[in-house]
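Take a look at the letters that make up each chain.
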Amino acid sequence: MKRQKTVKDSEATMTEMVLPNDTNTLNNLMGGKLMHWMDIVAAISAQRHSNSIVVTASADSISFKNPIALGNVVTLKAQVTRAFNTSMEVYIEVFAEDIPANSKITTHRAFFTFVAVDEKGKPVQVPALKPITEEEKELFEGALRRRQLRLILGKRMDPKDAAELKSLFDLEDTSKNQ
Ligand SMILES: CC(C)(COP(=O)(O)OP(=O)(O)OC[C@H]1O[C@@H](n2cnc3c(N)ncnc32)[C@H](O)[C@@H]1OP(=O)(O)O)[C@@H](O)C(=O)NCCC(=O)NCCS
């Protein structure tokens, strides 16, 4: 039987400070630097879930909601939302803290996909994930639709086979009744 792990097993947190070398000409954190940190924290989370070497397969749905200023403290939190066969979806939340001003805001959210591999880079099976809280269950449910969407966009899935995704758009045709 496939092993099972919880979301808690995969939690990873990273804390950084925005220094002058990390910023753009507006003195805000460069997007590429933040994506680098996201990749690291998410990889740690995927490793904790799979106890394997992992590689980044995709990074999507990154929303840059608010800029992060020079001197801010950045906290990145990652957790696996769902494990498939050899791949795992990781949810990342980013918070920016202005400690002297005593303020903390959520600035970014993203979903990355990692694949567990052996020493030769060949994909290996990962344990199943059991969501426990309501929030974990919601992320778990949505992960299947997000996976289908990214596999279609990556030309790895025929849209006809994306049953979960199609159900989102299967709205009743009310025009016939008008
Ligand atoms: C990711 C990688 C291991 C997939 O290898 P592959 O030969 O295509 O393997 P498979 O077709 O068996 O797919 C393996 C898994 O990857 C998933 N996958 C592959 N490409 C994907 C993509 N673009 N987005 C999401 N998942 C993807 C598949 O859905 C599959 O998941 P599953 O086993 O849970 O169903 C391979 O493409 C690779 O090594 N890529 C480079 C990774 C890397 O170096 N990343 C760092 C960035 S430079």
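Read on for a plain summary of the structure. (Residues numbered from 1 in each chain as written. Predicted model: local features only at pLDDT ≥ 70, side-chain atom pairs only at ≥ 80, totals over all residues. Heavy atoms only, no water.)

Quick look at the nonpolar core
No. 1: In this structure, Leu76, Met88, Ile92 and Phe114 are the most contacted members of the largest nonpolar core, which totals 31 residues.
No. 2: If you list the elements that add at least two residues to this core, you get strand E2 (12-17), helix H1 (31-50), strand E4 (73-83), strand E5 (87-98) and strand E6 (103-117).
No. 3: It is H1 that contributes the most residues to this core, seven residues altogether. (Core = buried A, V, L, I, M, F, W, Y, C linked by side-chain atoms within 4.5 Å. Buried < 20%, exposed > 50% of the residue type's maximum accessible area, 1.4 Å probe, protein only. Helix = DSSP H or I, 4+ residues; strand = E, 2+ residues; numbered from the N terminus.)

Re the site of the ligand
No. 1: Close to the ligand lie 15 residues; Thr56, Asn85, Thr86, Ser87 and Arg156 are nearest.
No. 2: With respect to the ligand, the side chain of Ser87 contributes an N or O atom lying 2.6 Å from an oxygen atom.
No. 3: Between the ligand and Arg156 there is a distance of 2.5 Å, counted from an oxygen atom to a side-chain nitrogen or oxygen.
No. 4: Protein contact buries 54% of the 940 Å² of open area that the ligand shows by itself.
No. 5: Looking at the shell around the ligand, the elements with two or more residues in it are strand E3 (53-64), E6 and helix H2 (134-153).
No. 6: Ranked by the residues each element gives to the shell around the ligand, the list is headed by E3, at four residues.
No. 7: Partitioning the shell around the ligand into residue classes produces six nonpolar, six polar and three charged. (Near = heavy atom within 4 Å. Polar contact = N/O pair within 3.5 Å; in protein donor to acceptor, adjacent residues only side chain to side chain. Areas by Shrake-Rupley, 256 points an atom, 1.4 Å probe, with all protein chains shown as cover. Nonpolar A, V, L, I, M, F, W, Y, C, P; charged D, E, K, R; others polar.)

Section: the environment of Ser63
No. 1: Relative to the elements of secondary structure, Ser63 occurs in strand E3.
No. 2: Residue Ser63 is classed as partly exposed on the basis of its relative accessible area, which comes to 36%.
No. 3: Between the C-alpha atoms of Ser63 and His108, which are 45 residues apart in sequence, the distance is 5.6 Å.
No. 4: Residues in contact with Ser63, not counting those within four places in the same chain, are Thr107, His108 and Arg109. (Contact = heavy atoms within 4.5 Å.)

Focus on the pairing of E6
Two faces belong to every sheet, and in a regular strand the side chains alternate between them.
No. 1: In the sheet, E3 pairs with E6 via nine bridges, with the strands oriented antiparallel. Bridge pairing in E6 places Val55 opposite Val115.
No. 2: Here E5 runs beside E6; their pairing, made up of twelve bridges, is antiparallel. Paired with Tyr91 across the bridge in E6 is Phe111.
No. 3: Between E5 and E6, which pair antiparallel in sequence order, lie four residues; one of them, Asn102, sits at a positive phi of approximately 60°. (Pairing = 2+ DSSP bridges.)

Read these as geometric descriptors, not functional statements.
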